[in-house]
Protein chains: 2
Amino acid sequence: MNVTIYDVAREAGVSMATVSRVLNGTAVVKEETKQKVKQAIERLGYRPNAVARGLASKRTKTIGVIVPDVSALYISEIVRGIEDIAVMYRYHIILVNSDAQLEREIDLIGTMWEKQVDGIVFMSKQVLPDHIETFIQAQIPVVLCATEDPERRIPSVNIDYTKAIFDGARYLIDHNANRLLYVGDPAAASISSQARVKGFKEAGKDSGISIDILELSDLTYETSYKEMDYFLDSHPVPNGIIAVSDEVGLAMMHALQDRGFKVPEDVQIIGYDNTRLALMSRPQLTTISQPLYDIGAVSMRLLTKFLQDEPVETYSVVLPHDMVIRHSTF
Amino acid sequence: MNVTIYDVAREAGVSMATVSRVLNGTAVVKEETKQKVKQAIERLGYRPNAVARGLASKRTKTIGVIVPDVSALYISEIVRGIEDIAVMYRYHIILVNSDAQLEREIDLIGTMWEKQVDGIVFMSKQVLPDHIETFIQAQIPVVLCATEDPERRIPSVNIDYTKAIFDGARYLIDHNANRLLYVGDPAAASISSQARVKGFKEAGKDSGISIDILELSDLTYETSYKEMDYFLDSHPVPNGIIAVSDEVGLAMMHALQDRGFKVPEDVQIIGYDNTRLALMSRPQLTTISQPLYDIGAVSMRLLTKFLQDEPVETYSVVLPHDMVIRHSTF
DNA sequence: TTGTAAGCGTTATCAA
DNA sequence: TTGATAACGCTTACAA
């Protein structure tokens, strides 16, 4: 059998209440007693049982983290941010993958509820009424991470996707590009896609600028390359491209280069995410950088504020994005 | 206050034991009673409290997953494998990052103990006596994932790193390379590094083959590029290279190409991991593929066997690796 | 087939 | 400053 708080109490010649007190520092204990208890703990190799503690205190010091897929590069970076801050505040995270499926997401929120997590960091393509309803029903503090509630009823941490793409497009325009192409997934796929397309369109409203959009069926290098290649058969070559990711940006670069076009002379390209990929192309890729780690970290920090009843100024945190200028643009 | 099993019992007009029985299917319950209970659960929106259940049953259905850093590409892929199988067996995972620091690792094992996890999937550079001791003390089933106990006291899942590099080197030799270079981190850094270097040396024992090793100070693209560039100043150009990762392989390729060498004509290059990166270079990178997802999945599966007292044939599982031939080799 | 009641290992509320 | 003791919400003998 395992050593319990009761064993420690007996060993130290005090009551279990006192042991609990020195363990949690919830009340003043005479220094001498405290030492006795600590020594007993040491001697017995006692470890408090977090489950029992969770039951008694109704707080598990555990956060549910629901993501579409940890193995996605940008997500694992965010998760790292979440976990680091969680540890800092003495929380642990239960990590689950939803594969971006609504039913599974709802189900997972329920499971988190059963697990009595103190809070949830939630990530998904979009937030639907079903989500909101479940959150409310479960009565668990939630922070949306890189995800937004259109009605802003749930706190969230994001960057301004619209402005990010807008800035990128403006940069191209300011550097003499006038035939712009945005390459991404179908805008219907997620809130952030819609936001990006919106930014692109806004930037292209100038006179003399033509804009076009290439919707990819998926966001892998191979598909992007092929579909761009196909696109070029029937469309004039753009001289400015913004891609939804560095991987797609790289595919664009290769598709163009393989047709004999020069980057950035003939066409300038901007990627997205500032992954290591952007460094490994020739020329190196200019890219829009999202502070992924920070998005995770700030989400978790925001959640801790709710959990500790700290005052919260901003419910919808917007983190600044950045453009990293390399050599695929002027 | 939350709905408890007691509320359900009253609502259904049965005892809480009966409710527990229909919940867990631990005993036969009359169909009629079962229906009553189920309806009561439905009406009340009851969710069992996993913490209370964990305390009473002494099993939390939770697995601790200790990794150096989730945000590392290959690790997040493994974690995904772990989580998928965990879900399949109705477990959840608590994920923690150790940053490969011994002290933190030991500490985390202790925390997992407090959390009363049913088992641990452990990943680290190496397994030291301190680890083993802590595992034993905690009395929690552990599976080492992509990590090995030199004395094989703890079950583990790996690929045969020695053979993987050996195979790669043999491939190069069979394709007329006779000046081989292995590029990796210092062999002292981890068990797997040592294993790889060993495989390389073994393959190079043939007459007429010269082998060399370049130890990188870190494994990023930039550093690798620079250190290779420096290396080439004072060493003859190898005609066959095996890199410790695709990223490093890519750096090698670029360093060579920038000096005017042709890949694979002048020098053949083999990467490691079969990441998406390998597809994105020109020429595309031949690479040694580790089944990362599977390593995670099999680790977790193995752990479930221990947890459910299923018979286990192999304590040290070795998964097959693979060579993906592309265009950086003949 | 069902009910009773004793844990599980803490925290938290009273008293002392 | 400390000690009893009642929760916490469930599982699990043991009875019935």
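Here the structure is a predicted model, which means the values were calculated and not measured.

### Overview of the overall build of chain A
The secondary structure content of chain A amounts to 12 helices and 12 strands. Scaling as 2.2 N^0.38, a compact globule of 330 residues should have a C-alpha radius of gyration of about 20 Å, whereas chain A reaches 26 Å, well beyond that. With the principal axes as the frame, chain A shows a C-alpha extent of 85 × 40 × 35 Å. Across the 330 residues that make up chain A, the buried fraction comes to 54%. The long-range share in chain A, meaning contacts at least 24 apart out of those at least 6 apart in sequence, stands at 68%. As displayed, chain A offers around 14,500 Å² of accessible surface, 50% of which is attributable to carbon and sulfur atoms.

### Quick notes on the UniProt feature "domain: HTH lacI-type" (unreviewed entry) in chain A
The UniProt record marks residues 3-57 of chain A with the feature "domain: HTH lacI-type" (unreviewed entry), using the residue numbering of this structure. Here residues 3-57 of chain A is 71% helix and 0% strand, with 20 Å between the C-alpha atoms at its ends.

### Concerning the environment of A:Ala251
Residue and element names in this part refer to chain A. Of note, Ala 251 is situated in helix α11 (residues 246-258). For Ala 251, a relative accessible area of 0% gives the class buried. C-alpha separation for the pair Ala 251 and Leu 277, spaced 26 residues apart in sequence, amounts to 11 Å. Among all residues touching Ala 251, those that are not within four sequence positions of it are Tyr 221, Ser 224 and Tyr 225.

### With respect to the sheet that holds strand β12 (residues 322-324) of chain B
Residue and element names in this part refer to chain B. Read from one edge to the other, the open sheet built from six strands follows the order β7-β6-β8-β9-β10-β12, with strand pairing classed as mixed. Only two strands of the sheet have a single neighbouring strand rather than two, namely β7 (210-215) and β12. Strand-to-strand twist of the sheet, defined as the mean angle between neighbouring strand axes without regard to direction, takes the value 20°. Relative to strand β9 (residues 268-272), strand β8 (residues 240-243) runs parallel, the two being bridged by three bridges. Note on β9: the bridge partner recorded for Ile 242 is Ile 270. Each of β6 (179-184), β7 and β9 is contacted by helix α9 (residues 191-203), which is oriented at about 160° to β7, the strand it contacts most.

### Some words on the protein's contact with DNA strand C
For DNA strand C, the set of nearby residues contains 27 residues, the closest of which are A:Ile5, A:Ser20, B:Thr18, B:Arg21 and B:Thr33. Close to the protein, within 4 Å, the atoms of DNA strand C are drawn from sugar and phosphate at a rate of 60%. Side-chain polar atom of A:Asn24 to a phosphate oxygen of DNA strand C: 2.8 Å apart, as the coordinates give it. B:Lys30 has a polar backbone atom sitting 2.8 Å from a phosphate oxygen of DNA strand C. No other element matches helix α2 (residues 16-24) of chain A, which puts five residues into the surface near DNA strand C. Grouping the amino acids of the surface near DNA strand C by side-chain chemistry returns 13 nonpolar, eight polar and six charged.

### Considering the packing of aromatic side chains
This model, assessed by the stated rule, comprises eight aromatic pairs over all chains. Both rings, one in A:Tyr182 and one in A:Phe200, keep their centres 5.6 Å apart while their planes meet at 40°; by these two values the pair is tilted. Taken together, the residues span a long stretch of sequence, with A:Tyr182 in strand β6 (residues 179-184) and A:Phe200 in helix α9 (residues 191-203) at a distance of 18 residues. Accessibility assignment for this pair places A:Tyr182 and A:Phe200 in one class, buried. Geometrically, the ring pair formed by A:Tyr221 and A:Tyr225 is tilted, given 6.4 Å between the ring centres and 35° between the ring planes. Here A:Tyr225 and A:Tyr221 lie together in helix α10 (residues 221-234), a separation of four residues that amounts to about one turn. Per residue, the accessibility class of A:Tyr221 equals that of A:Tyr225, and both read buried. Over the ring of A:Tyr272 we find A:Arg196; its NZ or CZ atom is 4.9 Å from the centre of that ring. The ring centre of B:Tyr91 lies 4.0 Å from the NZ or CZ of B:Lys61, which sits over that ring.

### Let's talk about the relation of the copies chain A and chain B
It takes a turn of 180° to lay chain A on chain B, together with a shift of 0.0 Å along the axis; the resulting RMSD is 0.1 Å. In short, the pair behaves as if placed about a two-fold rotation axis. The position closest to the rotation axis in chain A is occupied by the C-alpha of A:Ile94, lying 2.3 Å away. A shared binding surface is used by both copies, with 100% of the interface residues of chain A retained as interface residues in chain B.

### Topic: the pattern of salt bridges
In the structure shown here, the tally under the stated rule is 32 salt bridges over all chains. Salt-bridge contacts for A:Asp233 lead to A:Arg259; the nearest nitrogen and oxygen are separated by 2.6 Å. Here A:Asp233, found in helix α10, pairs with A:Arg259, found in the loop between α11 and β9 (268-272); they are 26 residues apart in sequence, far enough to count as distant. Put simply, A:Asp69, A:Asp99, B:Arg80 and B:Asp84 are held in one network by salt bridges that share partners.

### Some remarks on the sheet that holds strand β4 (residues 142-145) of chain A
On the basis of which strands lie adjacent, the open sheet formed by 12 strands has the order β11(A)-β5(A)-β4(A)-β3(A)-β1(A)-β2(A)-β2(B)-β1(B)-β3(B)-β4(B)-β5(B)-β11(B) and mixed pairing. Looking along the sheet, the strands with just one partner apiece sit at the ends: β11 (316-319) of chain A together with β11 (316-319) of chain B. Ignoring which end each strand starts from, the neighbouring axes of this sheet average 25° apart. The pairing of strand β3 (residues 119-122) of chain A with β4(A) spans three bridges and is parallel. Bridging across to β4(A), A:Val121 finds its partner in A:Val143.

### Considering unusual backbone geometry
With an omega of -10°, the peptide bond running from A:Arg282 to A:Pro283 counts as cis. Summarising the element assignment, A:Pro283 is placed in the loop between β9 and β10 (286-289). With a phi close to 75°, B:Asn176 is a non-glycine residue in the positive phi region. As for its position among the elements, B:Asn176 is in the loop between α8 (161-174) and β6. Judged by relative accessible area, which is 69%, B:Asn176 ranks as exposed.

### Thoughts on the protein's contact with DNA strand D
Contacts to DNA strand D come from 27 residues, most closely from A:Thr18, A:Arg21, A:Thr33, B:Ile5 and B:Tyr46. Among atoms of DNA strand D positioned within 4 Å of the protein, sugar and phosphate together represent 63%. Between DNA strand D and A:Thr18 there is a distance of 2.7 Å, counted from a phosphate oxygen to a side-chain nitrogen or oxygen. Interatomic distance of 2.9 Å between a side-chain N/O atom of B:Asn24 and a phosphate oxygen of DNA strand D. Every element with two or more residues in the surface near DNA strand D is listed here: α2 and α4 (50-57) of chain A together with α2 (16-24) and α4 (50-57) of chain B. Broken down by element, the surface near DNA strand D gets its largest block of residues, five residues, from α2(B). Partitioned by chemical class, the residues of the surface near DNA strand D number 13 nonpolar, eight polar and six charged.

About the cut-offs
- Residues numbered from 1 in each chain as written.
- Chains lettered and ligands numbered in written order.
- Predicted model: local features only at pLDDT ≥ 70, side-chain atom pairs only at ≥ 80, totals over all residues.
- Heavy atoms only, no water.
- Helix = DSSP H or I, 4+ residues; strand = E, 2+ residues; numbered from the N terminus.
- Rg over C-alpha atoms; globule rule 2.2 N^0.38 Å.
- Buried < 20%, exposed > 50% of the residue type's maximum accessible area, 1.4 Å probe, protein only.
- Contact = heavy atoms within 4.5 Å.
- Areas by Shrake-Rupley, 256 points an atom, 1.4 Å probe, with all protein chains shown as cover.
- UniProt positions renumbered as here; feature names shortened; annotations may be inferred.
- Pairing = 2+ DSSP bridges.
- Axes fitted to C-alpha atoms, helices over the stretch in contact; angles between N-to-C directions.
- Near = heavy atom within 4 Å.
- Polar contact = N/O pair within 3.5 Å; in protein donor to acceptor, adjacent residues only side chain to side chain.
- Nonpolar A, V, L, I, M, F, W, Y, C, P; charged D, E, K, R; others polar.
- Phe/Tyr/Trp six-rings, centres within 6.5 Å; stacked < 30°, edge-to-face > 60°.
- Lys NZ or Arg CZ within 6 Å of the ring centre and 35° of its normal.
- Least-squares fit on C-alpha atoms with pLDDT ≥ 70 in both.
- Salt bridge = Lys/Arg side-chain N within 4 Å of Asp/Glu carboxyl O.

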